[in-house]
Amino acid sequence: MELDKMDENDWKYHGEGNKSLVVSHVQHPRVLRLLKYPAEDSENPPQIQNIVDFSSNVMSSLLGEKFIHSGEVVKLPLEFVRQLSIKVQHQRPAWRCDKVMDIYSGCALCLPNLTSPALHQPTHTPPLCIEIKPKCGFLPSPKHVSKDIKTKVCRYCMHQHYKVANGKWKRRSFYCPLDLFSGNRQRMHFAIKHLIEEPQNNFKVFKEGSDESPDMNSLLHHLRPYFLHANNRINSHVTRFAMVRTFLFFSGADGTDCDLPPLNTSVFPGSRGLPSDSVLFRILQTQMLDTLDIEGLYPLYRQVEQHLQDFPKERTRLQIEGPYNEAFLEKLQKCPAEDDGSVEYAVAKVHQYRVAMTAKDCSIMVALVQRQLRDFRPPAFSYSASILDLDPKPFDSIPRQLRLDQKIVTCYLRTGGALPKGPVREKEDCTLLFHPM
Ligand SMILES: O=P(O)(O)O[C@@H]1[C@@H](OP(=O)(O)O)[C@H](OP(=O)(O)O)[C@H](O)[C@H](OP(=O)(O)O)[C@H]1OP(=O)(O)O
Ligand SMILES: Nc1ncnc2c1ncn2[C@@H]1O[C@H](COP(=O)(O)OP(=O)(O)OP(=O)(O)O)[C@@H](O)[C@H]1O
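Residues numbered from 1 in each chain as written. Chains lettered and ligands numbered in written order. Predicted model: local features only at pLDDT ≥ 70, side-chain atom pairs only at ≥ 80, totals over all residues. Heavy atoms only, no water.

Mind laying out the pattern of salt bridges, listing which residues take part and the relevant values?
Between side chains of opposite charge, a pair can form when the charged atoms approach closely. This structure, assessed with the given rule, holds 23 salt bridges. Measuring nitrogen to oxygen at the nearest pair gives 2.9 Å for the salt bridge that ties Arg317 to Glu344. Of the two residues, Arg317 is situated in helix α10 (residues 314-317) and Glu344 in helix α12 (residues 343-361); the sequence distance between them amounts to 27 residues. Under the relative-accessibility criterion, Arg317 is labelled partly exposed at 42%. (Salt bridge = Lys/Arg side-chain N within 4 Å of Asp/Glu carboxyl O. Helix = DSSP H or I, 4+ residues; strand = E, 2+ residues; numbered from the N terminus. Buried < 20%, exposed > 50% of the residue type's maximum accessible area, 1.4 Å probe, protein only.)

Describe in detail helix α11 (residues 326-333), supporting the description with residues and values.
Buried within α11 we find Phe328, Leu329 and Leu332. The arc that holds every buried residue of α11, seen down its axis, measures 100°, which confines them to one face. In this structure, the buried side of α11 is in contact with α1 (48-63) and α12. Measuring from the backbone nitrogen of Ala327 back to the side-chain oxygen at the start of α11 gives 3.2 Å, which picks out Asn325 as the cap. (Arc of directions from axis to C-beta. Contact = heavy atoms within 4.5 Å. Polar contact = N/O pair within 3.5 Å; in protein donor to acceptor, adjacent residues only side chain to side chain.)

Tell me about unusual backbone geometry, and please be specific about residues and values.
For the bond from Gly322 to Pro323, the omega torsion is 0°, close enough to zero to count as cis. Following the sequence through the fold, Pro323 ends up in the loop between α10 and α11. Backbone geometry at Gln200 places phi at a positive 45°, although glycine is not the residue there. Turning to its location among the elements, Gln200 is positioned in the loop between α5 (185-197) and β8 (203-207). According to the relative accessible area criterion, Gln200 is buried, its value standing at 13%.

Quick rundown of the packing of α1 against helix α8 (residues 279-287)? Include the residues and the values.
One way to put it is that α1 packs onto α8 with a least axis distance of 8 Å and a crossing angle of 120°. It follows that α1 is oblique to α8 by the angle criterion. Residues Met59, Ser61, Leu62 and Leu63 of α1 touch α8, and the partners they reach there are Arg282, Ile283 and Thr286. Here the residues of the contact of α1 with α8 sort into 4 nonpolar, 2 polar and 1 charged. (Axes fitted to C-alpha atoms, helices over the stretch in contact; angles between N-to-C directions. Parallel < 35°, antiparallel > 145°, perpendicular 65-115°, else oblique. Nonpolar A, V, L, I, M, F, W, Y, C, P; charged D, E, K, R; others polar.)

Which residues make up the nonpolar core, and what values do they have?
Judged by nonpolar contacts, the single largest core of 55 residues is most densely connected at Val58, Met59, Ile283, Val355 and Ile387. Formed jointly, this core draws a minimum of three residues from each of two domains, domain 1 (3-112) and domain 2 (114-437). Once residues within four sequence positions are removed from consideration, Val58 is found in contact with Asp53, Tyr324, Asn325, Phe328, Leu329, Leu332 and Val355. Membership of the second largest hydrophobic core comes to 21 residues, among which are Tyr301, Leu308, Leu318 and Cys335. (Core = buried A, V, L, I, M, F, W, Y, C linked by side-chain atoms within 4.5 Å. Domains from an automatic or database assignment.)

Before we move on, could you go through the site of ligand 2 and cite the residues and values that matter?
Near ligand 2, the surroundings consist of 22 residues, among which Asn18, Lys19, Ser20, Glu131 and Asp389 are the closest. In the environment of ligand 2, an oxygen atom lies 2.7 Å from a nitrogen or oxygen atom belonging to the backbone of Ser20. Contacts to ligand 2 include Lys133, whose side-chain N or O atom sits 3.4 Å from an oxygen atom. Relative to its free-state accessible area of 620 Å², ligand 2 is covered by the protein chains to the extent of 94%. Those elements that place two or more of their residues in the shell around ligand 2 are β1 (11-16), β2 (20-25), β3 (30-38), β6 (107-112) and β8. Both domain 1 (3-112) and domain 2 (114-437) contribute no fewer than three residues apiece to the shell around ligand 2. (Near = heavy atom within 4 Å. Areas by Shrake-Rupley, 256 points an atom, 1.4 Å probe, with all protein chains shown as cover.)

Residue-level account of the side chain of Lys349, with values.
Along the chain, the position of Lys349 falls in helix α12. No salt bridge is formed by the buried Lys349, whose closest oppositely charged neighbour, Asp290, lies at an N-O distance of 7.8 Å. Discounting chain neighbours no more than four positions away, the residues touching Lys349 are Thr291, Leu292, Leu297, Leu300 and Cys335. (Lys, Arg positive; Asp, Glu negative; His and termini not counted.)

How would you explain a positive patch on the surface if you had to name every residue and give the values?
On the surface, Arg155, Arg400, Arg403 and Lys407 cluster together to form a positively charged patch. The element best represented in the positive patch is helix α13 (residues 398-415), accounting for 3 residues. Mapped onto the elements, Lys407 comes out in helix α13. Owing to a relative accessible area of 45%, Lys407 belongs among the partly exposed residues under this scheme. (Patch = residues over 30% accessible without salt bridge, like charges linked within 9 Å, V, L, I, M, F, W, Y side chains within 5 Å. Charge placed at Lys NZ, Arg CZ, Asp CG, Glu CD.)

Give me the lowdown on the confidence of the model for the protein chain, citing residues and values where you can.
Caution applies to low-pLDDT parts of the model: their predicted coordinates are not meant to be read in detail. Residues of the protein chain with pLDDT of at least 70 account for 75%, and the chain-wide mean is 84. Contacts of residues 252-271 to residues separated by more than four positions or lying in other chains number 36 contacts, the stretch itself having pLDDT below 50. (pLDDT = per-residue confidence, 0-100.)

Tell me about empty space enclosed by the protein, and name the residues and values.
Gaps between atoms show up when a probe of the same size as a water molecule is rolled over them. As enumerated under the stated definition, the model contains 2 cavities of 30 Å³ or more in all. Size it by volume and the largest cavity reaches roughly 40 Å³. What lines the largest cavity is Leu289, Asp290, Thr291, Leu292, Leu297, Lys349, Gln352 and Tyr353. The element contributing the most residues to the lining of the largest cavity is α12, with 3 residues. (1 Å grid on protein atoms, 1.4 Å probe; cavity = no way out; pocket = protein on both sides within 12 Å on 5 of 7 lines; lining within 4 Å. Points joined across faces, edges and corners; volume = space filled by probe spheres on them.)

Here it is, written out as structure tokens:
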């Protein structure tokens, strides 16, 4: 990429989240991730190098290098960024326009376009990519929570009630992250069915690099050729089953594409749970660094905050805002098992919590490519999995987390019973092991 010859016409709007806007190159498999911030906060542009460091030095070590593309910071001509922001503005969803693109720093992240995987051979079927934002896959321990309901209904399921009550989404999703992370074939199948039915911001499909946002029928139509090679039973049940199989086996052992196991392979070779080298397992393990729940963590956060007020210079030694290097990783990995009252313990728990928050908010991108084999063998598939959006969560977002947690639980206890129950799940309890199909 020749940075001095950047032309906004070579880039198109690709997507955006709460914190960044992504444009993809029209010819090369590359994207630029430009940060956004609240319109009134243009004085305080986010620290982009911190994002790369956090991803490459901290998250990559916890999640597995093979899944991570941290990218690099590039300095773009300001006029290019300004023209780009004008060009993409009309494609941005209105509900995301409360934030503006950073057009002043000229800094962006350059990353491989994970929806355009490199093709080693020509294929008949274009690559298909599925993005899942799985959210938090475990329940907190009863030791640290004040409301018993938090040990039965997961944060995502409770949050759904809050989101519908506040108009963020019209319909509630019956997806439950505990199902997806369970490693139980039936529950994972159930999770994927509900993601497809009500995708919200948890499920996206890209075909030929473009977000398809399809309805259920057209999605299944797109997915069929990618999964249904081993037999001719083309129905939605088989498709979802194949997706479960794909997720379960995602390990990308050597960081390259690997073949899907055949359809008749046992998904649970003698064991329950996720394979320990799968992408879902790694994400769940990292999420579980939140051992205290926000309620147990908050007093430690206050201890750190007080310490920083008393000794402002300690902010640097304790690496509150980074740098996110090996020393930061060591601080959170060498946390004493018990609270010894030290600020080091409190800081380590806060660092662990922030890392867990990142893992609870990341997305998985799965790319599937059909390969043509000679003779009459059925087509084979290559796939690869990557993890996106591994930004550090700010230290001072913790009080907001506590307030949100309280609002979600209060809303759930107030309205939980009032919303219609799921078509299948009679009883809202995320600890349920089996669902009737
Ligand atoms: O708090 P949550 O669980 O609602 O997560 C937020 C996400 O909402 P979600 O419920 O997934 O729709 C939210 O996603 P959306 O804007 O709703 O697409 C962001 O990812 C937010 O992270 P950040 O503040 O941009 O770093 C996320 O905030 P953090 O909690 O990760 O700070
Ligand atoms: N390297 C990439 N290749 C292809 N698509 C990408 C890439 N990075 C991001 N995207 C797309 O852009 C979208 C927005 O990116 P990202 O999730 O990083 O934004 P964000 O603002 O940090 O999200 P959040 O709302 O979770 O904070 C993603 O959901 C994904 O669809």
